[in-house]
Amino acid sequence: MAPMSDIVLRADRLAKTFHLGFFRKRVEAVTDASFDVRRGEVFGYLGPNGSGKTTTLKMLMGLVFPSRGRAEVLGRGVPNRQAKRRLGYLPESPYFYEYLSPEEFLDLAGALSDVPRRERRKRADGLITRVGLDHARGRPLRKFSKGMLQRIGIAQALMGDPELVVLDEPMTGLDPIGRKEIRDLMLELKREGRTVLYSTHILPDVELTCDRVAMIFAGRIRNVGPLSELLTARLLSTEVCLRHGVGQVPTLPQGGKLRESPDGLLVDLPEGSDVDAFLRVALTANCSVTSVTPRRESLEDLFVREAGSQKGTS
Amino acid sequence: MNRIVAIAWNTFREAVRNKILYSLLFFAVLIIVSALAIGDLTLHEEVRTIRDIGLFGIDIFGVIIAIFVGVNLLYKELDLKTVYTILPKPLWRWEFVLGKWLGILLTLAVQMVVMGAVLGTVLAVEGAKFDVATAKAVWLLFINVMLVTSIAVFFSSFSSPFLSGFFSLGCFVVGRSVPDIRALGAKAVPGAKRILDLFCDVIPNLHLFYPSGSIVGAEEVSVHRQFVGADYMLTTTAYGVAYSVVVLVFAMLIFRKRDFV
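All values derive from a computational prediction rather than experimental measurement.

**Student:** Even after reading the chapter, I still don't get the overall build of chain A, so can you show me in this structure?
**Tutor:** What chain A contains, in helices and strands, is ten helices and 14 strands. With respect to the three principal axes, the spread of C-alpha positions in chain A is 75 × 50 × 45 Å. Each of the 314 residues in chain A was classed as buried or not, and the buried ones make up 38%. Expressed as a percentage of contacts within chain A between residues at least 6 apart in sequence, the contacts between residues at least 24 apart total 69%.

Pasting the structure below:
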């Protein structure tokens, strides 16, 4: 367990129930969210659409009041103005004042973060360059593409020079290059000593950036910890690729699967198969083996497994 | 304070970049200028007609713009979700509401100055002056507009623009009719009179801000002859400001408890 001084954000049994419509129908958006975010890490908050990620982040940002539980940001209960001064936040699918230019918008964000006027100008200038929007200076935000809006959104979150940066679905709507740029930016923020918490359902990005993750399914946290601990190290299967039309494919062991791919015939040998013996038989039968790939559990496997077990219990 | 000024300035900037507002202002100016033509149709009453129509234009368009801006600018922050970016900043929610209100007020003040300047120019064309009485009347209309804005902001802190606009307009119409409602109460049975009196005590008495032609003290006041004195201006301004503050505090309390889903 991390010492208290290392914890920059804590969600303690957070829950939110909304009462919607004329008949005040109860909708439990989050039933139990507990996790800590530690200083200097990139923390991923994962979950499928509608699982309660955004509602949790809104509770942590003071936009939504929890029905139960407690949220703490930078050592203070939410909402707290002193804590907010050290915090930057990018909402999901952000909308900004479309009549403002990037410079005007960042100046407003800086003024609201108590940044002195002269410093605001300098910071805005640097951040516009940092997020790659030099070409869009002076242009109203209404003319920005989704990717550009996402970038200016990150810039506004950084205007207050925050210790903790919270990004809600920062990769949404971005092309692969845009996603890579945001990933690089998050790792850069980490190198600068900032803590990053971001929500997403794009799993490859998480594997590349996050030190630790929390997974939420149907409003309830299922897993919290480093990816290396969450993913089982055991071998799930071994994939053997054989060249098309060369040699006689040996009989598959029980549970083995054969499928065609442009690279060749893919043989999927289940956990516990004698791979050496299969390869010996294949080579004796004049097969050409182009690759042998052991397959361990990926984040996607874990995610699908957890989502499946959640469906089973609900 | 800087944060409130930043919100107010941004609100003002949003309003002045809104084309619909210019259309409303254009129609207001058109009505004031048309007073010149209408004045020519009267017999030696040109100045009186211009002043009446001009003040009427400033009053009605001031209120329409106040409701339009007051109802829309706060609601738009919620509807377009710009508030999600602003409220997580180190800013109290009441500072946000106050900033919005001040920004709207600044917008309306500029509009009133423009409409007043047009009226002054039209009066000058007829060889008359924008005198102290007219200036006092425009000031009272501005306080009226401030109060209507507060009411519009209050309603938009918890309901849709349509309902907020409808309720705000309703408050304006009823508030202007306070003397008529009281007169109605005077003729009613005692129980109904008490209810109507209580109603008139609670709703904003907007008739106070358009006193020309009514009896103040024991005398009839008119913007063309003897208008209200300094004590009336002071107490009416204080009433408008106090009422606005109370309504605004209610708006802030509602906004403070809101979930931004």
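Continuing now.
**Student:** Please explain the packing of helix 6 (residues 132-156) of chain B against helix 7 (residues 161-176) of chain B as it appears in this structure.
**Tutor:** To characterise two packed helices, one gives the angle between the axes of the helices and the distance between these axes. All names here are of chain B. Two elements in contact, helix 6 and helix 7, have axes whose closest approach is 9 Å; the angle formed by their N-to-C orientations is 145 degrees. Classified by chirality, the crossing of helix 7 by helix 6 is right-handed. Taken together, the residues of helix 7 that come into contact with helix 6 (itself represented by V148, I151, A152, F155 and S156) are P161, L163, S164, F167, S168, C171 and F172. Split by residue class, the contact of helix 6 with helix 7 holds nine nonpolar, three polar and no charged.

**Student:** Sorry if this is basic, but what is going on with the interface of chain A and chain B here?
**Tutor:** Put simply, an interface is often sized by how much accessible area is lost when its parts join up. Residue-level contacts link 25 residues of chain A with 21 residues of chain B. Of all the secondary-structure elements, those providing two or more residues to the side of chain A that touches chain B are helix 1 (53-61), helix 2 (81-84), strand 6 (87-90) and helix 3 (102-112) of chain A. At four residues, the largest contribution of residues to the side of chain A that touches chain B is made by helix 3 of chain A. Residues that form the side of chain A that touches chain B fall into these classes: 17 nonpolar, three polar and five charged.

**Student:** Is there a simple way to explain the packing of helix 3 of chain A against helix 1 (residues 2-16) of chain B in this structure?
**Tutor:** Look at helix 3 of chain A against helix 1 of chain B: their axes get within 8 Å of each other, and the N-to-C directions meet at 150 degrees. Taken together, the axes of helix 3 of chain A and helix 1 of chain B lie roughly antiparallel to each other. Of the two elements, helix 3 of chain A crosses helix 1 of chain B, and the hand of that crossing is left-handed. When helix 3 of chain A is examined against helix 1 of chain B, the residues L108(A), A111(A) and L112(A) are found in contact with a partner set consisting of N2(B), R3(B), A6(B) and N10(B). Split by residue class, the contact of helix 3 of chain A with helix 1 of chain B holds four nonpolar, two polar and one charged.

**Student:** Is there a simple way to explain the nonpolar core in this structure?
**Tutor:** For soluble globular proteins, the rule of thumb is that nonpolar side chains tend to be buried together. Residues and elements named next belong to chain A. Grouped together as the largest cluster of nonpolar side chains are 142 residues, with contacts concentrated most on L60 and V166. Setting aside anything within four residues of it in sequence, one finds V166 in contact with L57, L60, M61, L87, Y89 and L197. V240, L269, F278 and C287 belong to the second largest nonpolar core, which has six residues in total.

**Student:** Is there a simple way to explain the pairing of strand 1 (residues 7-20) of chain A in this structure?
**Tutor:** A regular strand carries its side chains on alternate faces of the sheet. All names here are of chain A. Pairing analysis gives ten bridges linking strand 1 to strand 2 (residues 25-38), with the strands arranged antiparallel. By the bridge assignment, H19 is partnered in strand 2 with R26. In textbook terms, the turn of a hairpin is the stretch between consecutive antiparallel strands, and for strand 1 and strand 2 this stretch comprises four residues, one of which, G21, has a positive phi near 75 degrees. Of the strand pairs in this sheet, strand 1 and strand 4 (residues 68-73) are connected by five bridges, and their pairing is antiparallel. Within strand 4, the residue paired with L9 across the bridge is V73.

**Student:** Please clarify how the sheet that holds strand 13 (residues 264-270) of chain A should be interpreted in this entry.
**Tutor:** Residues and elements named next belong to chain A. The four strands lie next to each other as 12-13-11-14, forming an open sheet whose pairing is antiparallel. Both outer strands of the open sheet, strand 12 (257-261) and strand 14 (289-296), are each paired with one neighbouring strand and no more. Taking the axes of each pair of neighbouring strands and ignoring which way they run, one obtains an average angle of 20 degrees across the sheet. Pairing geometry for strand 12 and strand 13, over five bridges, is antiparallel. Directly across from S261, in strand 13, lies its bridge partner G264.

Cut-offs applied
Residues numbered from 1 in each chain as written. Chains lettered and ligands numbered in written order. Predicted model: local features only at pLDDT ≥ 70, side-chain atom pairs only at ≥ 80, totals over all residues. Helix = DSSP H or I, 4+ residues; strand = E, 2+ residues; numbered from the N terminus. Buried ≥ 20, exposed ≤ 12 C-beta atoms within 10 Å, placed from the backbone. Contact = placed C-beta atoms within 7 Å. Axes fitted to C-alpha atoms, helices over the stretch in contact; angles between N-to-C directions. Left-handed = near helix turned anticlockwise from the far one by under 90°. Nonpolar A, V, L, I, M, F, W, Y, C, P; charged D, E, K, R; others polar. Parallel < 35°, antiparallel > 145°, perpendicular 65-115°, else oblique. Core = buried A, V, L, I, M, F, W, Y, C linked by C-beta atoms within 7 Å. Pairing = 2+ DSSP bridges.

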